[in-house]
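Each chain is listed here by its residues.
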Amino acid sequence: MIAHNLEELYKELPQGVRLVAVSKFHPISELLEAYAMGQRAFGENRPQEMAAKAVQMPQDVEWHFIGHLQTNKLKLVLPYAYIVESVDSVHLLDAIEGWAGLHDRTVRVLLEVHIGAEETKQGFSDSEVLQLLSAAGEYHHIVFCGLMGMASHTDDEEAVAADFARIKALFDRCSESFPQLGDFRQLSIGMSDDWRIAVRYGSTEVRIGTAIFGPRSY
Ligand SMILES: *Cc1c(COP(=O)(O)O)cnc(C)c1O
C-alpha cells in the first residue's frame, strides 16, 4: 500500500515539488517501506520520536522537523534535523542560533506563517516575517530557507486556495525584498487533503502523511 501510494504521488507531483513523507506515529517498518521506494525526506513532529527513529533509520534520511519545538528539546532535534520547518517564534529562533553557535553548526529553518484561520495561533504574521528577515544577518548560524504554512482546516477549496495565495504572496515579497538571502527558496505548503491546491499556488514542498501511510492511531 505504501509503495503504491508513493508511486502515485511521484507520478503526479510536478518536477520541482519535493515530497516530504510525514511518518509521525508510524513504525520504523513502514518508514523502511517508503525508504525502499527511494523516499529520503521524512517529516516528524515530536522530538523524542524523531530522535529515536533517526538512530534506527539509514544515515541518508533527511529529517524534516515539522512540529512545535520547545527550546528544552533542541538537543533531541538539532543533531538529526536536515531542516526545522516549524520555527514559530523569535524566542525559538534565538535558542536555535545559540545551540548552533555552541556546537559550531548551521541550522536550516523555515519560518512558520500563521495563515489558517481559527484553529492554530502558531506562526508569524506577515509583518513579523518581514521584520525578522530584515534582521537575518544577525543570525550567523541559521540559514533561512523559506516559509511553511498550513491552510485552514476546511472542505471549502476556495478558502484553502485563499490561504495559499496569501502565503505565496508573502513568499514572493520576501524573495524580492531580501535578494541577499540566496537560500530563501522553499515554500512548504500542502498536505494530504490539499496538496493539489498548494501546488497550484507555488508549493516547492508538500508534506504528506495520511495519503502515504494511512490514518494515524494516536
Ligand atoms: C501531520 C502533519 C502533516 C501531514 O498531514 P496529513 O494530513 O496526514 O498529510 C503535514 N504538516 C504538518 C505540520 C503536520 O503536523
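Worth saying up front: this structure is predicted, and the values here are computed from it rather than measured.

Each value, and the rule that gives it
- Residues numbered from 1 in each chain as written.
- Predicted model: local features only at pLDDT ≥ 70, side-chain atom pairs only at ≥ 80, totals over all residues.
- Heavy atoms only, no water.
- Helix = DSSP H or I, 4+ residues; strand = E, 2+ residues; numbered from the N terminus.
- Buried < 20%, exposed > 50% of the residue type's maximum accessible area, 1.4 Å probe, protein only.
- Lys, Arg positive; Asp, Glu negative; His and termini not counted.
- Salt bridge = Lys/Arg side-chain N within 4 Å of Asp/Glu carboxyl O.
- Polar contact = N/O pair within 3.5 Å; in protein donor to acceptor, adjacent residues only side chain to side chain.
- Contact = heavy atoms within 4.5 Å.
- Core = buried A, V, L, I, M, F, W, Y, C linked by side-chain atoms within 4.5 Å.
- Near = heavy atom within 4 Å.
- Areas by Shrake-Rupley, 256 points an atom, 1.4 Å probe, with all protein chains shown as cover.
- Nonpolar A, V, L, I, M, F, W, Y, C, P; charged D, E, K, R; others polar.
- Axes fitted to C-alpha atoms, helices over the stretch in contact; angles between N-to-C directions.
- Parallel < 35°, antiparallel > 145°, perpendicular 65-115°, else oblique.
- Left-handed = near helix turned anticlockwise from the far one by under 90°.
- Expected span 1.5 Å × (residues − 1).
- Arc of directions from axis to C-beta.

Q: I tried to follow the side chain of Arg207 on my own but got confused; where do I start?
A: Its location among the elements puts Arg207 in strand β8 (residues 205-208). The buried charged residue Arg207 lacks any salt bridge, with Glu85 as its nearest oppositely charged partner at 4.4 Å. Polar side-chain contacts of Arg207 include one of 2.8 Å to the backbone oxygen of Ser188. Once residues lying within four places of it in the same chain are set aside, the contact partners of Arg207 are Val20, Val22, Ile66, Glu85, Met148, Gly149, Met150, Ser188, Ile189, Gly190, Met191 and Ser192.

Q: What's the story with the nonpolar core in this structure? I'm lost.
A: Note that soluble globular proteins tend to have their nonpolar side chains buried in a common cluster. With 65 residues, the main nonpolar core has Phe42, Phe144 and Leu147 as its most contacted residues. Ranked by residues supplied to this core, first place goes to helix α7 (residues 157-177) with seven residues. Every residue in contact with Phe144, bar those within four places of it in the chain, is listed here: Leu93, Val109, Leu111, Leu133, Ala136, Tyr139, Asp183 and Phe184.

Q: How should the site of the ligand be read in this particular structure?
A: Val22, Lys24, Ile66, Met150, Met191, Ser192, Arg207, Ile208, Gly209, Thr210 and Arg216 make up every residue found near the ligand. Side-chain polar atom of Ser192 to an oxygen atom of the ligand: 2.5 Å apart, as the coordinates give it. Between the ligand and Gly209 there is a distance of 2.9 Å, counted from an oxygen atom to a backbone nitrogen or oxygen. Isolated, the ligand exposes 390 Å² of accessible area, and the fraction of that covered by the protein chains is 90%. Across the shell around the ligand, the residue classes break down as five nonpolar, three polar and three charged.

Q: I keep staring at unusual backbone geometry and nothing clicks. Help me out?
A: A negative phi angle characterises most non-glycine residues, just as the trans form characterises most peptide bonds. The backbone of Phe25 sits at a positive phi, close to 70°, despite the residue not being glycine. One can find Phe25 in the loop between β1 (18-22) and α2 (28-36).

Q: Mind showing me how you'd approach the pattern of salt bridges here?
A: Opposite charge on two side chains lets them pair, provided their charged atoms get close. Applying the stated criterion across every chain yields a total of 10 salt bridges. When the shortest N-O distance is used, the salt bridge between Arg196 and Glu12 registers 2.7 Å. Of this pair, Arg196 sits in helix α8 (residues 195-200) while Glu12 sits in helix α1 (residues 2-12), placing them 184 residues apart in sequence. Exposure remark for Arg196: the relative accessible area of 45% places this residue in the partly exposed category. For Glu12, a relative accessible area of 41% translates into the label partly exposed. Across the pair Glu49 and Lys53 runs a salt bridge whose closest N-O atoms are separated by 2.7 Å.

Q: Just to check I follow, could you spell out the packing of helix α6 (residues 126-134) against α7 for this structure?
A: Between two packed helices, the angle of one axis relative to the other and the distance separating the axes together describe the packing. The interhelical angle for the contact between α6 and α7, taken along N-to-C directions, is 20°, at an axis separation of 11 Å. In this view, α6 runs roughly parallel relative to α7, as classed from their interaxial angle. Seen from above, α6 lies across α7 with right-handed handedness. Counting all contacts with α6, which are made through Asp126, Val129, Leu130 and Leu133, the residues of α7 involved are Arg166, Leu170, Arg173 and Cys174.

Q: I tried to follow helix α5 (residues 90-102) on my own but got confused; where do I start?
A: Count 3.6 residues to each turn of an α-helix, and residues three or four apart come out pointing the same way. For α5, with 13 residues, the first-to-last C-alpha span of 18 Å sits near the 18 Å given by 1.5 Å per residue. For α5, the complete set of buried residues consists of Leu92, Leu93, Ile96, Glu97, Trp99 and Ala100. On an axial view of α5, the arc spanned by its buried residues comes to 165°, and they lie on one face. More than 90 degrees from the buried face of α5, the exposed residues found are His91 and Leu102. Of the surrounding secondary structure, the elements contacted by the buried residues of α5 are α4 (74-77), β4 (81-87), β5 (107-113), α6 and β6 (142-149). Backbone geometry just downstream of α5 places Asp104 in the positive-phi region, at approximately 55°.

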